[in-house]
Amino acid sequence: MSHPDPDVPLLRAVAVMDRLRSPGGCPWDAAQTPSSLAPYLLEETYELLEAIDGDDAALLREELGDLLLQVLFHARLAEERPDGERFGIDDVAADLVAKLVRRHPHVFADGRADTPGQVATAWDSIKRTEKHRESVTDGIPAAQPALALAAKLLSRTRRAGVDVALPSTEHLGGQLFALVDEAVRSGVDPEHELRRAANHYRTAVRRAEQAVSPARDTNRDIGP
């Protein structure tokens, strides 16, 4: 592995990750695998979302760094894969650059997209062609939280112009799905809104608990 310029922080981060993983480095880092790191990746993602909701610049900066660590770690592990499957952080970055250029023809070529909606529609079309997808629902992770899954299905389907009736509202699932549809139509992220409401509720619960906590009796006599 080439030695990155220590004066460039991002490249220095790559070098530090390599040192931790290499012989004589950190035993914990050396023992990790993509599977063992997966829970941390999920945890760091949720912590970043919390920092975004809190609008705390310092915390946001820290959590972005923690998420970057996960990317660097997985890329470093990929350098140890068998020949033919091996890749590194430079390959990840190169693929990302190529994808961004390819999917923004209105910026880097002669494409046309004047609104965010047109950009999203063009992105989906280019992606569908690249990956040879037969359905607008292909590529949507089914394992993601149900609220986010419903929102993604609705937004992707609507952008593609596919007209499908919503699930029946006779059951709770259908009613929840209809609420997600209302949010998507209004341009609101239902996952974000529900998380914000839940956090407000948590704050109210704590206040209620503090209000009913028995106050210490400072007038009680001391002694037998």
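What this report covers is the structure whose coordinates are included nearby. This structure is a prediction, so every number in the text was calculated from the model and none was measured.

1. Some thoughts on the pattern of salt bridges
Here the structure, examined in full by the defined rule, presents 14 salt bridges. Arg-102 is the partner of Glu-130 in a salt bridge, and the nearest nitrogen-oxygen pair spans 2.3 Å. Of this pair, Glu-130 sits in helix H7 (residues 116-130) while Arg-102 sits in helix H5 (residues 89-102), placing them 28 residues apart in sequence. Note that Asp-181 and Arg-185 form a salt bridge whose closest N and O atoms lie 3.0 Å from each other. Highlighted residues: Asp-181 and Arg-185, both in helix H9 (residues 172-185), separated by four residues, approximately one helical turn.

2. Some remarks on the nonpolar core
Listed in full, the six residues of the largest apolar core are Val-14, Met-17, Leu-37, Leu-72, Phe-73 and Leu-77. Breaking this core down by element, the ones donating at least two residues are helix H1 (9-21) and helix H4 (57-78). Tallying contributions element by element places H4 first for this core, with three residues. Apart from residues no more than four positions distant in its own chain, Leu-72 is found in contact with Ala-13, Val-14, Met-17 and Ile-89. Of all hydrophobic cores here, the second largest spans five residues; its members include Ala-150, Ala-151, Leu-154 and Val-184.

3. Points about helix H8 (residues 146-159)
When the terminal C-alpha atoms of H8 are compared, their 20 Å separation across 14 residues agrees well with the 20 Å that a helix rising 1.5 Å per residue should span. Looking only at H8, the buried set comprises Ala-150, Ala-151, Leu-154, Ser-155, Arg-156 and Thr-157. Taken together, the buried residues of H8 touch H7, H9 and helix H10 (190-212). Backbone geometry just downstream of H8 places Gly-161 in the positive-phi region, at approximately 75°.

Here is what the cut-offs are and how they apply
- Residues numbered from 1 in each chain as written.
- Predicted model: local features only at pLDDT ≥ 70, side-chain atom pairs only at ≥ 80, totals over all residues.
- Heavy atoms only, no water.
- Salt bridge = Lys/Arg side-chain N within 4 Å of Asp/Glu carboxyl O.
- Helix = DSSP H or I, 4+ residues; strand = E, 2+ residues; numbered from the N terminus.
- Core = buried A, V, L, I, M, F, W, Y, C linked by side-chain atoms within 4.5 Å.
- Buried < 20%, exposed > 50% of the residue type's maximum accessible area, 1.4 Å probe, protein only.
- Contact = heavy atoms within 4.5 Å.
- Expected span 1.5 Å × (residues − 1).

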